[in-house]
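# Descriptive structure summary
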2 protein chains.
Amino acid sequence: MGRTSDARNKILDAAAALLEQRGYSALGVAEICATAGVPKGSFYYFFESKQALARTVIDEHWVTQRRQWEQVLGSTHDPLRRLRDLFEATTEVQRAGQQQAGLVVGCLFGNLALELSNQVEEIRRRLQEIFEEQIDLIERVVIEAKESGLAGPSVDTREAARSIVAQIEGRVLLAKLLNDPAQLETLWRNSLDLLQVPAQARGTTPATPVDR
Amino acid sequence: MGRTSDARNKILDAAAALLEQRGYSALGVAEICATAGVPKGSFYYFFESKQALARTVIDEHWVTQRRQWEQVLGSTHDPLRRLRDLFEATTEVQRAGQQQAGLVVGCLFGNLALELSNQVEEIRRRLQEIFEEQIDLIERVVIEAKESGLAGPSVDTREAARSIVAQIEGRVLLAKLLNDPAQLETLWRNSLDLLQVPAQARGTTPATPVDR
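Residues numbered from 1 in each chain as written. Chains lettered and ligands numbered in written order. Predicted model: local features only at pLDDT ≥ 70, side-chain atom pairs only at ≥ 80, totals over all residues. Heavy atoms only, no water.

## Some remarks on the interface of chain A and chain B
Counting residues at the interface gives 41 residues for chain A and 41 residues for chain B. Overall, the association of chain A and chain B removes approximately 3,800 Å² of surface from exposure, summing both partners, and the carbon and sulfur fraction of that is 57%. For chain A, the biggest contributors to the area lost against chain B are Leu114, Asn118 and Leu177 of chain A; these three give 19% of the whole. Between the two partners, chain A and chain B, sit two salt bridges. The interface formed by chain A and chain B includes 22 residue pairs in polar contact (both at pLDDT 80 or more). In terms of residues, the side of chain A that touches chain B owes the most to one element, helix 8 (residues 157-178) of chain A, which gives 13 residues. (Contact = heavy atoms within 4.5 Å. Buried area = accessible area lost by both parts, 1.4 Å probe. Salt bridge = Lys/Arg side-chain N within 4 Å of Asp/Glu carboxyl O. Polar contact = N/O pair within 3.5 Å; in protein donor to acceptor, adjacent residues only side chain to side chain. Helix = DSSP H or I, 4+ residues; strand = E, 2+ residues; numbered from the N terminus.)

Okay, structure coming up:
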């Protein structure tokens, strides 16, 4: 029994790494099993198809990432500082990935959204839900920022949250294309602009990275 | 001779459509030839590999798109209006694609950047050049906007242009994921924020779409 769930975890770990590096279509079950070091029979014991595996990888990745987002965005810091902490954590993830693999791997959800939206309806629907949850989490902070006068009074909180998620995805695309995590460092300033934060409120939150 | 270059064009048209719909890894030369209605022998007469074909599709797509960008961004309108015209043209391209194929296909360059950056170095380098050219074209307009006082005096023109390109890519990702070209309609307002355009200057350029 212990050995069995080991095999499942090995398949999931190998698939997560390979999906981030190479995408969905370029991968075969045989390669995933070879990388995981498990026989192909084990694969079909746990997953009925490559699509079912990808769906599980996506779900597990979001469980982990949502926990991080909730922790950072739910802290006791002021709302703008919480957003900045999220961007720093996102940059850190890409830096760590680059140090480990030599390459910025980008965002698993963004990669699969562009590759699979028009091909695998189940994956598209799941990614739609995940992006909406990301927008929800950011919007809650934007609402707080607006209510406390840190964001501009005419900001549409839903659209601003959506634009911040779009800005993250666009900047991650540039970071991956250029293999340069520093592309993410402007997210903070961009968001102050998108939230129409007045000059005096920008000063209250330090613009340089904090010690961790 | 006429027939020969017909075959080349048929292959390029089929490959462009298939690459936009399904990406690179999911495609095979046999499928491209079948869609184009040309024998496989013709393919290898014109292209030494699928990679060489993709490179040609990218180059030709950028020749066409750059011409459109130069036309729109080089018009006699004021700089902010020219940016808005670019966003409207971009939205229109996605709407037309959706009407034709039933699905928002997204940005060929963005799709391939996320799929291939870490797999095909030649494609990565070419896409890096294309995105830098896009940023160049937008930066020229941002510089004009700044010099004429339409954009804020502290705007970093290069970073602002880069952020606008990132915002386009991020919004196109959402448009593709949701099969909803309206996701691009906020690009104009986002850019006014990113360029720190003062309230009085926002009023001089109508916020509603112009007649075409």
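## Structural notes on the confidence of the model for chain A
This prediction gives chain A a mean pLDDT of 93; 93% of its residues lie at or above 70. Counted against residues more than four places away or in other chains, residues 205-212 of chain A, with its pLDDT under 50, gives 18 contacts. (pLDDT = per-residue confidence, 0-100.)

## A short note on the domain arrangement of chain A
Residues and elements named next belong to chain A. Segmenting chain A into domains produces domain 1 (1-47) and domain 2 (51-204). Taking the mean C-alpha position of each, domain 1 and domain 2 sit 28 Å from one another. At the interface, 14 residues of domain 1 touch 16 residues of domain 2. When the two sides are added together, the surface that domain 1 and domain 2 hide from each other amounts to roughly 1,300 Å², 69% of it contributed by carbon and sulfur. Area buried by domain 1 at its contact with domain 2 is led by Leu19, Glu20 and Tyr24, which between them contribute 53% of it. Our enumeration of links across domain 1 and domain 2 arrives at one salt bridge. Ionic pairing is found between Arg8 and Glu60, a salt bridge with its closest N-O pair at 3.9 Å. (Domains from an automatic or database assignment.)

## Examining the nonpolar core
Residues Ile138 and Leu195 of chain A together with Ile138 and Leu195 of chain B are the most contacted members of the largest nonpolar core, which totals 136 residues. Each residue touching Leu195 of chain B, except ones within four places of it in the same chain, is listed here: Leu80, Leu83, Val142, Ala151, Gly152, Val155, Ala160 and Ile164 of chain B. (Core = buried A, V, L, I, M, F, W, Y, C linked by side-chain atoms within 4.5 Å. Buried < 20%, exposed > 50% of the residue type's maximum accessible area, 1.4 Å probe, protein only.)

## What about the relation of the copies chain A and chain B?
The operation linking the two copies of the chain is a rotation about an axis combined with a translation along the axis. For these two chains of identical sequence, chain A goes onto chain B by a turn of 180° and a shift of 0.0 Å along the axis, with RMSD 0.0 Å. Look at the turn and shift together and you get a two-fold axis relating the two. Residue Gly170 of chain A, judged by its C-alpha, is the member of chain A lying nearest the rotation axis, at 2.1 Å. Here 100% of the contact residues of chain A are again contact residues in chain B; the copies associate through an equivalent surface. (Least-squares fit on C-alpha atoms with pLDDT ≥ 70 in both.)

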